[in-house]
Amino acid sequence: MSIAEPTADELALLQEEAVRIARDLIRIDTSNFGEDPGPGEREAADYVVALLREVGYEPEVFEPAPGRTTVHLRIEGEDRERGGLVIHGHLDVVPANAEDWTHDPFGAEIVDGMLYGRGAVDMKDMGGMILAVVRHLARTGQKPPRDLVIIMFADEEAGGTWGSRWLEAERPDLVAGCTEAISEVGGYSVTLPRADGDGETRAYLLQTAEKGYAWGRLRATGRAGHGSVPNDENAIVRLARAIAAIDDHDFPLEYVATVRTLFDRVTEITGEGWDGDDIEAFLPLLGGARQFVAGTLRDSVNVTTLKAGYKGNVIPQTAEASFDCRFLPGHEDEVLSLVRELAGEDVEVIVDKIGIAYDSPEDTPFVDAMREAIRAEDPGAELVPYCLSAGTDNKQLKSLGIDGYGFAPLQLPADLDFAPLFHGVDERVPVAAIEFGARVLLRLVRTC
């Protein structure tokens, strides 16, 4: 039996559940502090399991470290010979300081049609959509065209050690036979002026590529001593020089294939051409996606934490800074070699975690299905590829041979500056956008 068009009542329930589940997930504090993992994902995972069991599913739960919990469910499709589709989210969020927010970051308040809370866009909104769709399938007793593998990962916000990296290393069988995956930071709209001057067109940005990352530390060594004695081997000074050298380096602009395709598609829609020598004049067209796109135009290295010394009158022997390096496809070795050169001989560059850069194909039947699902809910819309400057759990799935896409569909107001909401203060999403996304996701599951 194929998946039928939902009735009006079924559609209303789907949308109500997507919003309700997203709010419930936001209210569960799953802050991930990195080295100090925080409360973990167990409470949220238990909530997800209860929702799935309520409609007859029997999900699996994995906890490779105390409280670091991932939920997995495979739903059999009509054609078991076809490659399966992984639909995945993550249960953890980055921390939030309530004093900085207008509304309680774990209150899931709805104000003027906007759902506020940590995870509202990253990515408990998508969690609500996913769970509402699979509950709909169970209630209606319908099978998708092919296998669906539903995963709610732990630890994405710290690189996936206890989530997707653990699955990649220890349980790749959980995604065996799968060929594509969808997850976060794609499928959202930007509003573009039409070239013919006749109104506007919404373009939904399908994330088909990601920059890679290297997270690590700069460790300077020197000679310890009394603060009153001259010292030309001061570890803090050596570290400061390394940081300044890295920060002063001007990484050149480079337009990778996915970025060029995005700019060309935007030009087709708007009639506004792009000039590689003056790209700043073109970027404002991209509205709420501008910051994400700007981050894909060059490699980058940012220093993120500092640690040195233990007393005001003691020169320490070591000083350390952490760094976040993001590199374009094919640039990993080149960029890390440059960081080591800039750091100098007295500063060691320690790489703690690498996330691959990747590209997934755009010209496929699955991408066509995503395009049609969007257009069915937003006639005249365009689906255009883009490269994400950040990283997702799709990296680990790509290492297992699964093509990953960012497709958490959201129809957004033209004036919403979307990219800064990720990890930002007053993170929020329109309630109507979650309802839209649930409808699109159900259409995709019906036709994928």
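Residues numbered from 1 in each chain as written. Predicted model: local features only at pLDDT ≥ 70, side-chain atom pairs only at ≥ 80, totals over all residues. Heavy atoms only, no water.

Some words on the packing of aromatic side chains
(1) Moving on: Under the criterion given, the structure shown has twelve aromatic pairs.
(2) Moving on: When the centroid spacing of 4.3 Å and the interplanar angle of 20 degrees are considered together, the rings of tyrosine 213 and tryptophan 215 count as stacked.
(3) Moving on: Relative accessible area serves as the criterion here: at 23%, tryptophan 215 is assigned to the partly exposed category.
(4) Moving on: Taken together, the ring pairs connect Tyr188, Phe292, Tyr386, Phe418 and Phe422 into an aromatic cluster. (Phe/Tyr/Trp six-rings, centres within 6.5 Å; stacked < 30°, edge-to-face > 60°. Buried < 20%, exposed > 50% of the residue type's maximum accessible area, 1.4 Å probe, protein only.)

Brief notes about the sheet that holds strand E4 (residues 110-111)
(1) Moving on: Spatially, the three strands line up as an open sheet ordered E4-E5-E19, and their pairing is antiparallel. Two strands lie at the open edges of the sheet, namely E4 and strand E19 (428-430), each paired on one side alone.
(2) Moving on: The sheet contact formed by E4 and strand E5 (residues 114-116) spans two bridges and is antiparallel. Looking at E5, one finds that valine 111 is bridged to methionine 114. (Pairing = 2+ DSSP bridges. Helix = DSSP H or I, 4+ residues; strand = E, 2+ residues; numbered from the N terminus.)

Regarding helix H5 (residues 235-248)
(1) Moving on: Here H5 spans 20 Å end to end across 14 residues, near enough to the 20 Å set by a 1.5 Å rise per residue.
(2) Moving on: Listing the buried residues of H5 in full gives Ala235, Arg238, Leu239, Ala242, Ile243 and Ile246. Mapping the buried residues of H5 onto a view down its axis gives an arc of 135 degrees, with all of them on the same face. Opposite the buried face of H5, at more than 90 degrees from it, the exposed residues are Arg241, Asp247 and Asp248.
(3) Moving on: Buried residues in H5 make contact with strand E10 (212-221), strand E12 (300-308), strand E14 (318-327), helix H8 (332-343) and strand E15 (347-355).
(4) Moving on: Measuring from the side-chain oxygen of the N-cap residue of H5 to the backbone nitrogen of isoleucine 236 gives 2.8 Å; that N-cap residue is asparagine 234. (Expected span 1.5 Å × (residues − 1). Arc of directions from axis to C-beta. Contact = heavy atoms within 4.5 Å. Polar contact = N/O pair within 3.5 Å; in protein donor to acceptor, adjacent residues only side chain to side chain.)

Side note on the environment of methionine 123
(1) Moving on: For methionine 123, the position within the fold is in the loop between E5 and helix H3 (124-140).
(2) Moving on: Taking C-alpha positions, methionine 123 is 6.8 Å from glycine 89, a pair spaced 34 residues apart along the chain.
(3) Moving on: In this view, methionine 123 contacts His88, Gly89, His90, Ser183 and Glu184; residues no more than four positions away in its chain are not counted.

Brief notes about the environment of proline 66
(1) Moving on: Here proline 66 lies in the loop between strand E1 (60-65) and strand E2 (68-75).
(2) Moving on: For the pair proline 66 and tryptophan 162, spaced 96 residues apart in the sequence, the C-alpha separation amounts to 9.8 Å.

Things to note about the environment of isoleucine 26
(1) Moving on: Its location among the elements puts isoleucine 26 in helix H1 (residues 8-27).
(2) Moving on: With relative accessibility at 0%, the residue isoleucine 26 sits in the buried group.
(3) Moving on: A sequence separation of 79 residues divides isoleucine 26 from proline 105, and the C-alpha atoms of the two residues are 8.0 Å apart.
(4) Moving on: Sequence-distant contacts of isoleucine 26, that is, excluding residues within four places in its chain, are made with Pro105, Phe106, Ala108, Leu115, Tyr116, Gly117, Arg118, Gly119, Ala120 and Lys124.

Overview of the packing of H1 against helix H11 (residues 431-447)
(1) Moving on: At a closest axis distance of 9 Å, the pairing of H1 and H11 adopts a crossing angle of 125 degrees. As summarised for this structure, H1 and H11 are arranged oblique, according to the angle between their axes. The two elements H1 and H11 cross, and the hand of that crossing is right-handed. Facing H1, whose interface residues are Leu11, Leu14, Gln15, Ala18, Val19 and Ala22, H11 presents Val431, Ile434, Glu435, Ala438, Arg439 and Leu442.
(2) Moving on: For the contact of H1 with H11, the class distribution of residues is nine nonpolar, one polar and two charged. (Axes fitted to C-alpha atoms, helices over the stretch in contact; angles between N-to-C directions. Parallel < 35°, antiparallel > 145°, perpendicular 65-115°, else oblique. Left-handed = near helix turned anticlockwise from the far one by under 90°. Nonpolar A, V, L, I, M, F, W, Y, C, P; charged D, E, K, R; others polar.)

A short note on unusual backbone geometry
(1) Moving on: A cis amide bond links aspartate 122 to the next residue, methionine 123, at an omega of -10 degrees.
(2) Moving on: You will see that aspartate 112, though not glycine, has its phi angle at about 50 degrees, which is positive.
(3) Moving on: Mapped onto the secondary structure, aspartate 112 falls in the loop between E4 and E5.
(4) Moving on: According to the relative accessible area criterion, aspartate 112 is exposed, its value standing at 77%.
(5) Moving on: In this structure, histidine 423 takes a positive phi of about 70 degrees despite not being glycine.
(6) Moving on: Position of histidine 423 relative to the elements: it lies in the loop between strand E18 (403-406) and E19.

Description of the pattern of salt bridges
Side chains that carry opposite charge are capable of pairing whenever their charged atoms lie near each other.
(1) Moving on: Scanning the entire structure with this criterion turns up 39 salt bridges.
(2) Moving on: For the salt bridge of glutamate 17 with arginine 20, the shortest nitrogen-to-oxygen distance reads 3.3 Å. With a gap of three residues between them, glutamate 17 and arginine 20 both fall in helix H1, about one helical turn apart.
(3) Moving on: A cluster of three or more residues bridged by salt bridges with shared partners is formed by Glu16, Glu17, Arg20, Asp24, Arg27, Glu54, Arg135 and Arg139. (Salt bridge = Lys/Arg side-chain N within 4 Å of Asp/Glu carboxyl O.)

Digging into the sheet that holds E10
What links the strands of a sheet is backbone hydrogen bonding, and the strands pair in either a parallel or an antiparallel sense.
(1) Moving on: Read across the open sheet, the four strands follow the order E12-E14-E10-E15; overall the sheet is antiparallel. The open sheet has two free edges, formed respectively by E12 and E15, since each of these has just one partner strand. Across the sheet, the axes of successive neighbouring strands diverge by a mean angle of 20 degrees, strand direction being ignored.
(2) Moving on: Of the strand pairs in this sheet, E10 and E14 are connected by ten bridges, and their pairing is antiparallel. Each bridged residue has a counterpart across the sheet, and for arginine 219 the counterpart in E14 is glutamate 320.
(3) Moving on: Sitting on the sheet, H5 touches E10, E12, E14 and E15, and the angle it makes with E10 is about 150 degrees.
(4) Moving on: Seen against the sheet, H8 touches E10, E12, E14 and E15 and runs at an angle of roughly 155 degrees to E15.

Nothing here speaks to function; it is geometry throughout.
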